[in-house]
Amino acid sequence: MAAGVTDMTSITSRKERSVSATLAAATCALLGTTAAAPVDAQEEPKWDFNTSLLYYGEDESRVQDMSLKSIIRRLFADDRTLTLGLTVDGLTGATPSGAIRQDVPQSFTRPSGSGSYVVPAGELPLDDTFKDTRVAITAGWQQPAGEKGLLSVGFSASKEYDYLHTGVNASYAHDFNNRNTTISAGFAFASDSIEPVGGAPIPFTNMLDVGDTSNRVGDQDKDVLDVVFGVSQVISKNLLVQANYSFSQSDGYLNNPYKVLSMVDSVSGDTLTRTPGIEGGPSGIFLFESRPDERTQHSVYTQAKYFMNGKVLDASYRYMTDDWEIDSHTLDVRYRWPIGDSSYIEPHVRYYTQTEAEFYRLSLVDDSLVPLPQFASSDYRLGNFDAITAGLKYGWKTRNDNDMSIRVEWYTQSGTVPAGQLIGNQASRDNYPDLNALIVQFSYRFSR
Amino acid sequence: MGSPCEVLTDGGDKQLAGRLSSLVASEAWRIEDKFSRYLDGNVIQRINTAHGEPVEVDAETGNLLDFAATLFDISGGSFDITSGVLRAVWTFDGSDNIPAQDDIDKVLGRVGWQRVTWADSQLTMQPGMEVDLGGIGKEYAVDRCTALARSAANVPVMINFGGDLAVTSPPVSRQSWKVGIEGPNVDSAEKLVDLRQGALATSGDARRFLLRNGVRYSHILDPRTGWSVPDAPASITVAADTCTQAGMMSTLAMLRGAAAEEFLAAQELLHWCRR
Amino acid sequence: MGVQPWEREILAREDMQLTTDPLEAATDDHIYFSKEASSGGRGFGGGGCGCN
């Protein structure tokens, strides 16, 4: 029976298909043409799903992050778009505490205040209690405003164990000059609250023995206002350039509540020692860092996209300067090289360099004649360093026209402490925590 | 054409736009004047008032009649340009005014392409019969105008006569022409179609129907029975190489009634069927 | 400077958009925000985390 049914169906569809062929021939005769160009139409997808899985891993068992990111886009009539984003990060590993290496073992109180750990002689002090899950959501709405305008509004929020972020943003872009020029303006405002494990330490107070929370205060907060003005310009059929100016103002608690500085002897440069309490505690004098409670950044970003015979060069440069006296330069170059019709490889190189913050200190000196500076931090991210990213991405279209890509990148930072800050024995030690990380990201994108 | 007509160009200047629209408008009017059954003195009226005498027609009319004859064959007699006289008994005004079988039978004797003699550029019909090319004319006009636009303009052009449309080539300022297919809400496009090459045509008019005892009678009439085709979809849109093919496919599918989707699926053409 | 509307075939390509891969851009913004003192520039900062 089943075979009979199948036969019937194929006879029917053969017959029905002949309707198409006869109609096509009759239409050619009617219009007096040879066969018309074949129809090329498809229903516009309403949904766009973009998902990626990221592994970020630093060597020497420092930070490891597995991150799942999704962007879902819903297209509505009249070019209106809703975009929803979700990111889940699982972070583990150790991060430099800010204290310097010593020739003897050092002990530290954990940020929670409920225990201590020991760093072997000669090793960089890392706080290995770093473990967190981060969930972030974003929502954005975009719609035309008039014939040449595009309005976007958005909301973002994220939650970690010790951090809560909420933000809003809005921007407007306007096309001019036959749509060859687009100018845009936007702002983003974030209101974040920091709820450090064990409470926020009062800046420049000592790391205390286990169980002593007398220098801890409650939750802190900070506000960040970003303003961006941009212009993009079509230069020719295959060249597009963009330039942005951004301004960012941060106010409030800008310290890292887990970072300390070693208090050292003004001659030997070695950390001053103390006797830990009975329950355990620091073996040296470590002061919690102190940063200004505001920061103003300015940056200029330029980008060019250039198409040459199927290959696309994407180059960008950014200059940033701020009132912490950090200046940075970033150069980023990607080159997309098609392989056949449905795949490409894309080498990527990025070079970054920054000068240290005006209050960056490797350590603090115990000298009754020299008062403590107003601010100090030994956070390596505020130091003087260069970073290089080198990577390769391979992207391809699947049989059902979905996009997949995988990229592998290496990120390496190497920094130097200004020679004038090195005291005594510090000159012979490796003071800057260099960083090497591997980034692997797999992305999948499909539309419905 | 009884509907708004537009010519869209992707690029080009005001001068080109003016030249194209007058070219397209004059071709559309020419076709309308020549084949409308509402106008006096044209070839359709000559045929419909011949009272059984043979009528000699020109080549273009002959091509359209040949085409209609082919459609009659491949549709098993359900597509018939002589079915217009059934309008004398069917008025689709949303009422419950279903004609009686007697009235239908009286008209049915004057319906049927098989009763027509069409050979050697001569058409001979029984007195009282009428032909109506309205079911082909608009799509034919779109294709004719598209061909004219293709040779007259060096930029991509879309010709749209009340939703039946065709393009000369893919646009250049973006990936594709974007066409909205109306849903039950006329104000918003329910589906968006990316059209790079070819044509789209829609059959169906959800506002024209009769309703009695909960049964909906669509305005699609089967010339073989004289009755409204049962279970016809509210509208069918088809994408095809030419507007004529798209329009005829959607009409043929309409005539299948409940089997419309099955028919369309077998054609392997992109289509949207709304019930 | 600039092109006519019908000369935009290349500029309309997906790989010629300023942000080709939004997910990758967001990932990079986040990584570099947490490892360097500068952030943003392309668009908004990429902040909203306690990692800096």
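Residues numbered from 1 in each chain as written. Chains lettered and ligands numbered in written order. Predicted model: local features only at pLDDT ≥ 70, side-chain atom pairs only at ≥ 80, totals over all residues.

J.: Help me understand the overall build of chain C, please; the structure alone is not making it clear to me.
T.: Along chain C, the regular secondary structure elements total 1 helix and 0 strands. Across the 52 residues in chain C, those meeting the buried criterion constitute 60%. (Helix = DSSP H or I, 4+ residues; strand = E, 2+ residues; numbered from the N terminus. Buried ≥ 20, exposed ≤ 12 C-beta atoms within 10 Å, placed from the backbone.)

J.: Sorry if this is basic, but what is going on with the overall build of chain A here?
T.: In terms of regular secondary structure, chain A is built from 1 helix and 24 strands. Computed over C-alpha atoms, the radius of gyration of chain A comes to 29 Å, more than 25% over the 22 Å expected from 2.2 N^0.38 for 448 residues, which places it beyond the range of a compact globule. Taking the principal axes of the C-alpha coordinates as reference, chain A spans close to 105 × 65 × 40 Å. For chain A, with 448 residues in total, the buried portion stands at 33%. At a minimum sequence separation of 6, the contacts of chain A that also span at least 24 residues come to 62%. (Rg over C-alpha atoms; globule rule 2.2 N^0.38 Å. Contact = placed C-beta atoms within 7 Å.)

J.: What exactly am I supposed to notice about the sheet that holds strand β21 (residues 363-366) of chain A here?
T.: Across a sheet, paired strands are connected by hydrogen bonds in the backbone, their directions being either parallel or antiparallel. All names here are of chain A. Taken in spatial order, the 3 strands of this open sheet run β16-β15-β21, and their pairing is mixed. Edge positions in the open sheet fall to β16 (286-288) and β21, since each of these has one partner strand only. Across the sheet, the axes of successive neighbouring strands diverge by a mean angle of 40 degrees, strand direction being ignored. As defined by bridge partners, strand β15 (residues 260-265) adjoins β16 across 3 bridges and the pair is classed as antiparallel. What sits directly across from L261, in β16, is L287. (Pairing = 2+ DSSP bridges. Axes fitted to C-alpha atoms, helices over the stretch in contact; angles between N-to-C directions.)

J.: Help me out: how do you make sense of the sheet that holds strand β2 (residues 55-56) of chain B in this one?
T.: Residue and element names in this part refer to chain B. Judged by pairing direction, the sheet is antiparallel, and its 3 strands sit side by side in the order β2-β4-β3 without closing on themselves. The open sheet terminates on both sides in strands that have one partner only, identified here as β2 and β3 (117-119). In this structure, β3 lies alongside strand β4 (residues 122-124), joined through 3 bridges in antiparallel fashion. Bridging from a neighbouring strand, W118 pairs with L123 of β4.

J.: Hey, could you run me through the interface of chain A and chain C in this one?
T.: The figure often quoted for interface size is the accessible area lost as the parts come together. In this assembly, 58 residues from chain A lie in contact with 31 residues from chain C. Looking at the side of chain A that touches chain C, the element that brings in the most residues is strand β13 (residues 220-236) of chain A, giving 8 residues. Of the residues assigned to the side of chain A that touches chain C, the class counts are 22 nonpolar, 25 polar and 11 charged. (Nonpolar A, V, L, I, M, F, W, Y, C, P; charged D, E, K, R; others polar.)

J.: Got a minute to help me understand the environment of B:F263 in this structure?
T.: Residue and element names in this part refer to chain B. You can see F263 is positioned in helix α7 (residues 260-267). Taking the C-beta count within 10 Å as the criterion, F263 has 22 such neighbours and is therefore assigned buried. The spatial distance from the C-alpha of F263 to the C-alpha of A25 is 35 Å, given a sequence separation of 238 residues.

J.: How do you make sense of the packing of helix α1 (residues 14-35) of chain B against helix α5 (residues 134-152) of chain B when you look at a structure like this?
T.: A pair of packed helices is characterised by two quantities: the angle between their axes and the separation of those axes. All names here are of chain B. Taken N-terminus to C-terminus, the directions of α1 and α5 make an angle of 150 degrees; their axes are 10 Å apart at the nearest point. What the angle tells us is that α1 and α5 run roughly antiparallel. At the point where α1 passes α5, the crossing takes the right-handed sense. Of α5, the residues touching α1 (which contributes R19, L20, L23, V24, E27, A28, I31 and F35) are G137, Y140, A141, R144, C145, L148, A149 and A152. Classifying every residue of the contact of α1 with α5 by side-chain character gives 12 nonpolar, 1 polar and 3 charged. (Parallel < 35°, antiparallel > 145°, perpendicular 65-115°, else oblique. Left-handed = near helix turned anticlockwise from the far one by under 90°.)

J.: Please explain the interface of chain B and chain C as it appears in this structure.
T.: Residue-level contacts link 7 residues of chain B with 7 residues of chain C. Its residues assigned to classes, the side of chain B that touches chain C comprises 2 nonpolar, 3 polar and 2 charged.

J.: Sorry if this is basic, but what is going on with the confidence of the model for chain C here?
T.: Do not read the fine detail of predicted coordinates wherever pLDDT is low. Per-residue confidence for chain C gives a mean pLDDT of 83; residues scoring 70 or more make up 83%. Note on the complex model: pTM 0.75, ipTM 0.94. (pLDDT = per-residue confidence, 0-100.)

J.: How do you make sense of the environment of A:W324 when you look at a structure like this?
T.: Residue and element names in this part refer to chain A. Summarising the element assignment, W324 is placed in the loop between β18 (311-322) and β19 (327-339). The sequence separation of W324 and E356 amounts to 32 residues, and the corresponding C-alpha distance is 8.6 Å. If we skip the residues at most four places from it in the chain, W324 touches P292, R295, A357 and E358.

J.: How should I be thinking about the pairing of β15(A) in this particular structure?
T.: Two faces, one strand: in a regular strand the side chains alternate between the faces of the sheet. As judged from the 4 bridges shared by β15(A) and β21(A), these two strands associate in the parallel manner. Paired with A:S262 across the two strands is A:S363, which belongs to β21(A).

J.: I'm lost on the pairing of β13(A) in this one. Help?
T.: Residue and element names in this part refer to chain A. In the sheet, strand β10 (residues 181-194) pairs with β13 via 14 bridges, with the strands oriented antiparallel. If you follow I194 over to β13, its bridge partner there is Q220. Counting the residues that bridge the hairpin from β13 to strand β14 (residues 239-252) gives 2 residues.

J.: Looking at this structure, how should I read the nonpolar core?
T.: Grouped burial of nonpolar side chains is what soluble globular proteins tend to show. Judged by nonpolar contacts, the single largest core of 78 residues is most densely connected at B:I159 and B:A199. With 8 residues, the single largest contributor to this core is helix α6 (residues 243-255) of chain B. Formed by 15 residues, the second largest nonpolar core is a distinct cluster that contains A:F108, A:V119, A:M207 and A:F286. (Core = buried A, V, L, I, M, F, W, Y, C linked by C-beta atoms within 7 Å.)

J.: Sorry, what's going on with unusual backbone geometry here?
T.: Phi is mostly negative for residues that are not glycine, and the peptide bonds are mostly trans. Residue and element names in this part refer to chain A. Look at F204: it is not a glycine, yet its phi comes out positive at around 65 degrees. Here F204 shows up in the loop between β11 (200-201) and β12 (216-217). Although it is not a glycine, N309 sits at a positive phi angle of roughly 50 degrees.

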